[in-house]
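Listed below are the residues making up each chain.
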Amino acid sequence: MDAVFSGLASGFEVALDPFNLFLVLAGCFAGTLIGALPGIGPINGVAILLPIAYGLGFKPESAIILLAGIYYGAEYGGRISSILLNVPGDAGAVMTTLDGNPMARNGEAGKALSLSAIASFVGGTFAVVLMSFFGPALASYAIHFSPSDYVALMVFAFASLASLVGSNPVKTLLAAVIGLMLASIGIDANTGVARFTFGIPDILAGIDFLVVVIGLFGMAELIHLVEQQAAGTLKTLKIDKSFVTMKDLAFVKWTILRGSMIGFFIGILPGTGASVASAVAYGAEKRAARDSSKFGEGDMRGLAAPEAANNASAGGAMVPMLTLGIPGSGTTAILLGALLLFNVTPGPLMFQQRPEIAWGLIASMYIGNVALLIINLPLVGLFARMLTIPQQFLTPLIAVLAFIGVYSVVSNPHDLYMITLLGVFGWFLRKLQFSLAPVILGFVLGGLFEDNLRRALSISGGDWSILLTSWNSVILYILALLVIVVPIVVGRMRRSRGEDESPKAPA
Amino acid sequence: MADRIFAGVLLVVAIGYTIIAFTVIHAPFQYDPLGPESWPRILGLVAIPCILFILARPDVASLGLPAKTWGRLAALVVMLFGYSYLFQPLGFIIATFAFCMALSLMLGAKLVPALAFSAGIGVVGYFLCTKLLELNLPAGVLTIFR
């Protein structure tokens, strides 16, 4: 417990450094702006801005603080386009539109925005507090993980990914394998053997992480926007004078707490981020409500639950990333990749070896959440202006940002073609209902997965039974099995009783 | 159908990947029991059944896009390749100006706002990035700005 408080104190020292403090605020502000743009969610925002943040040459803790600020800022901002436009910025904000937009149409736009800001704040803060206590405990447990335990952990991560994300488990699994395959391109670090490079010098060192992220998220998003071609501006609802009251807050306080709790724990599960968390929280709230008839027509509970959950899951997803080196969501996979670019390997040792990064990040999230609440209540009108940026200008801007980012870091024109090709590939994956988050998870984890497997088998001299020797790994394999089997069984039982299936998150 | 075509292409790639993993990749001296070839073999052997499953039970019948949309997307990809091609030789300012003009006009912007927007992004973007943020962007033919 003492370690937590002394860690937090050292973290605040980092986060309150004037420059880092400025980055927290700048990141939150930029994140909210990006999140408020229709159609652009946290993952695209972080992807597009990652190379630029990297190119600025900050210290790793400063860069990660900035990127994390953009991440949860965008989770906040996403609700603005959901409520006022009925256009969710990403899959995690879909549930917010269900009751948020009807509230705005009923003339309660101001109330919906302020209520969701407070729900987001509670969810986010709840998650950071739990993270401060859970993180170090999990890290000190995971320090004893052997390579074979890591292999089991990875299997569990991909199992929960396949079972909980996307509409088709086989497609999700395949998406993850595609990511792993992309990661296997390049020179094998252990033996120096080139794999799948076909003699092309540009990919000897492997495909650059930045290129994959920008291509699959930034460029694919761009192609998607052109496909939708919303010419001109979308019609936004006006923000009115209504505001959330203490009575409203008292009415939804348990909803917010339940949503935060659900969001945090779903966020921790590897691979399952805001989209699953908000869907589960919404479904649970609807089932728990005594009178659920108004859900979908502007019920405050239906707005508060998913908003609290998706911000809590953003915090929850950071826990496995920081402590195990296994990202809890697509966006944290990008953050993990960002840390790797700085030669920082997140994992159980990070709390001891690089406390300024681990604790600095956690402390910055406390500050960021408060800052977001403060800038979101009065400035919501300013952010709502972002919704009126004409699409025909926003779309080219995304391409320009992507090009600046890739070129300024790598300075290789070859990579510009690469992001375009990956963008086309990513767009096809999206159109065919593959989710992209597993691809990036697979890509980030590919090296780690292979290294641990090879290390484990080196230890055992090629005997595969080492994978099943420790209790940690056996339990993880059982959990992996459960996470696949339970949803299938529950689904069957529901169907046989003739109930609706619970809302499955789009990814 | 769309699913099947895409899965078919993926299948060809995955089979190629697996064949290479089984035949070409080989370490001159085996340092560890698995070597560089086992991991890609495992991946290939997981990917192929997944793709076969999708081939057998596709769930997206067609992309459902009208021909006009396909034309627009093709134009976008051409523009992006053009932008990539010209980015370094012409320099950021001119290439960005041309790309922004082309794309915003295609998306239905009026001529004058598009001109103002494209010139603004090109010039302001260049100086913001190179002078203020100290990022590396190509000056291209406008060598005086280097």
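Residues numbered from 1 in each chain as written. Chains lettered and ligands numbered in written order. Predicted model: local features only at pLDDT ≥ 70, side-chain atom pairs only at ≥ 80, totals over all residues.

Looking at an unreviewed UniProt entry, chain B carries the name Tripartite tricarboxylate transporter TctB family protein, with the source organism given as Jiella pacifica.

Chain A has the name Tripartite tricarboxylate transporter permease in an unreviewed UniProt entry, where Jiella pacifica is given as its organism.

1. A closer look at the nonpolar core
Applicable threshold: Buried Ala, Val, Leu, Ile, Met, Phe, Trp, Tyr and Cys residues whose C-beta atoms connect them within 7 Å together make up a nonpolar core. With C-beta atoms placed from the backbone, the exposure class of a residue follows from how many other C-beta atoms lie within 10 Å of its own: 20 or more, buried; 12 or fewer, exposed; in between, partly exposed. Residue ranges labeled as domains rest on an automatic or database domain assignment. We call two residues in contact when their backbone-placed C-beta atoms lie within 7 Å.
Among the nonpolar cores identified, the biggest contains 219 residues, and Leu 50, Leu 67, Val 213, Ile 214 and Ile 440 of chain A are the most heavily contacted of them. A domain-level breakdown of this core finds at least three residues from each of domain 1 (2-56) and domain 2 (67-145) of chain B. Among all residues touching Leu 50 of chain A, those that are not within four sequence positions of it are Leu 67, Leu 210, Val 213, Ile 334 and Ala 338 of chain A.

2. Some remarks on the UniProt feature "transmembrane region" (unreviewed entry) in chain B
Residues and elements named next belong to chain B. Rules: UniProt positions are given in the numbering used here, feature names are shortened, and annotations may be inferred rather than shown by experiment. Secondary structure elements are defined from DSSP: runs of H or I of at least 4 residues count as helices, runs of E of at least 2 residues count as strands, and each element is numbered from the N terminus.
Feature annotation in UniProt places "transmembrane region" (unreviewed entry) on residues 5-27, 39-57, 69-86 and 114-133, given in this structure's numbering. Span residues 69-86 is 100% helix and 0% strand, its end C-alpha atoms 25 Å apart. Between the end C-alpha atoms of residues 114-133 the distance is 26 Å, and the span holds 95% helix and 0% strand.

3. Observations regarding the environment of Ile 268 of chain A
All names here are of chain A. Its place among the elements puts Ile 268 in helix H9 (residues 246-268). Along the backbone, Ile 268 and Gly 218 are 50 residues apart, and their C-alpha atoms lie at a distance of 25 Å. Once residues within four sequence positions are removed from consideration, Ile 268 is found in contact with Gly 316, Val 319, Pro 320 and Gly 328.

4. Topic: the UniProt feature "domain: DUF1468" (unreviewed entry) in chain B
UniProt annotation of "domain: DUF1468" (unreviewed entry) refers to residues 5-138 of chain B when read in the numbering used here. For residues 5-138 of chain B, the end-to-end C-alpha separation is 40 Å, with 76% helix and 0% strand making up the annotated structure.

5. Regarding the packing of helix H12 (residues 330-341) of chain A against helix H17 (residues 437-460) of chain A
All names here are of chain A. This is how the line gets drawn: All axes are obtained by fitting lines to C-alpha atoms, using only the stretch in contact for helices, and the reported angles, taken between N-to-C directions, cover 0 to 180 degrees. The cut-offs work like this: below 35 degrees is roughly parallel, past 145 is roughly antiparallel, 65 to 115 is roughly perpendicular, and the gaps in between are oblique. We call a crossing left-handed when the near helix sits turned anticlockwise from the far one by less than a right angle, and right-handed when that turn is clockwise. Just so you know the grouping, Ala, Val, Leu, Ile, Met, Phe, Trp, Tyr, Cys and Pro go in nonpolar, Asp, Glu, Lys and Arg go in charged, and all remaining residues, Gly too, go in polar.
Running from N to C, H12 and H17 cross one another at 30°; their axes reach a closest spacing of 9 Å. If you check the angle between H12 and H17, you find them roughly parallel. In terms of crossing hand, the pair formed by H12 and H17 is left-handed. Packed against H12, whose contacting residues are Gly 330, Ala 333, Ile 334, Leu 336 and Gly 337, the element H17 presents Ala 437, Ile 440, Leu 441 and Val 444 at the interface. Across the contact of H12 with H17, the residue classes tally to 7 nonpolar, 2 polar and no charged.

6. Observations regarding the confidence of the model for chain B
Residue and element names in this part refer to chain B. Convention followed: Confidence of the predictor in every single residue is expressed as pLDDT, which spans 0 to 100.
Summary statistics for chain B give a mean pLDDT of 87 and a share of 98% for residues scoring 70 or more. For chain B, per-element mean pLDDT is lowest for helix H5 (residues 111-132), which scores 89, and highest for helix H4 (residues 92-106), which scores 92. In the predicted assembly, ipTM is 0.91 and pTM is 0.85.

7. Considering unusual backbone geometry
Residue and element names in this part refer to chain A. Despite not being glycine, Phe 196 shows a phi value in the positive range, around 55°. Among the structural elements, Phe 196 can be located in the loop between strand S2 (194-195) and helix H8 (209-228). The buried category is assigned to Phe 196, around which 20 C-beta atoms lie within 10 Å. For Gln 433, which is not glycine, the phi dihedral falls at a positive 65°. Tracing the chain through its elements places Gln 433 in the loop between helix H16 (413-431) and H17.

8. A closer look at the interface of chain B and chain A
With 52 residues of chain B in contact, the opposing surface of chain A contributes 52 residues. Contributions of two or more residues to the side of chain B that touches chain A are made by helix H1 (2-23), helix H2 (35-56), helix H3 (67-90), H4 and H5 of chain B. Class assignment for the residues of the side of chain B that touches chain A results in 39 nonpolar, 9 polar and 4 charged.

9. Looking at the domain arrangement of chain B
The domain architecture assigned to chain B consists of domain 1 (2-56) and domain 2 (67-145). On a C-alpha basis, the centres of domain 1 of chain B and domain 2 of chain B stand 39 Å from each other.

10. Overview of the packing of helix H3 (residues 42-55) of chain A against helix H4 (residues 60-85) of chain A
Residues and elements named next belong to chain A. Remark: H3 packs on H4, axes separated minimally by 9 Å, with the N-to-C direction vectors making an angle of 155°. By the angle class used here, H3 and H4 are roughly antiparallel. By crossing handedness, the relation of H3 to H4 is classed as right-handed. Residues Pro 42, Gly 45, Val 46, Leu 49, Leu 50, Ala 53 and Tyr 54 of H3 pack against Ala 63, Leu 66, Leu 67, Ile 70, Tyr 71, Ala 74, Glu 75 and Gly 78 of H4. Taken together, the residues of the contact of H3 with H4 break down into 12 nonpolar, 2 polar and 1 charged.

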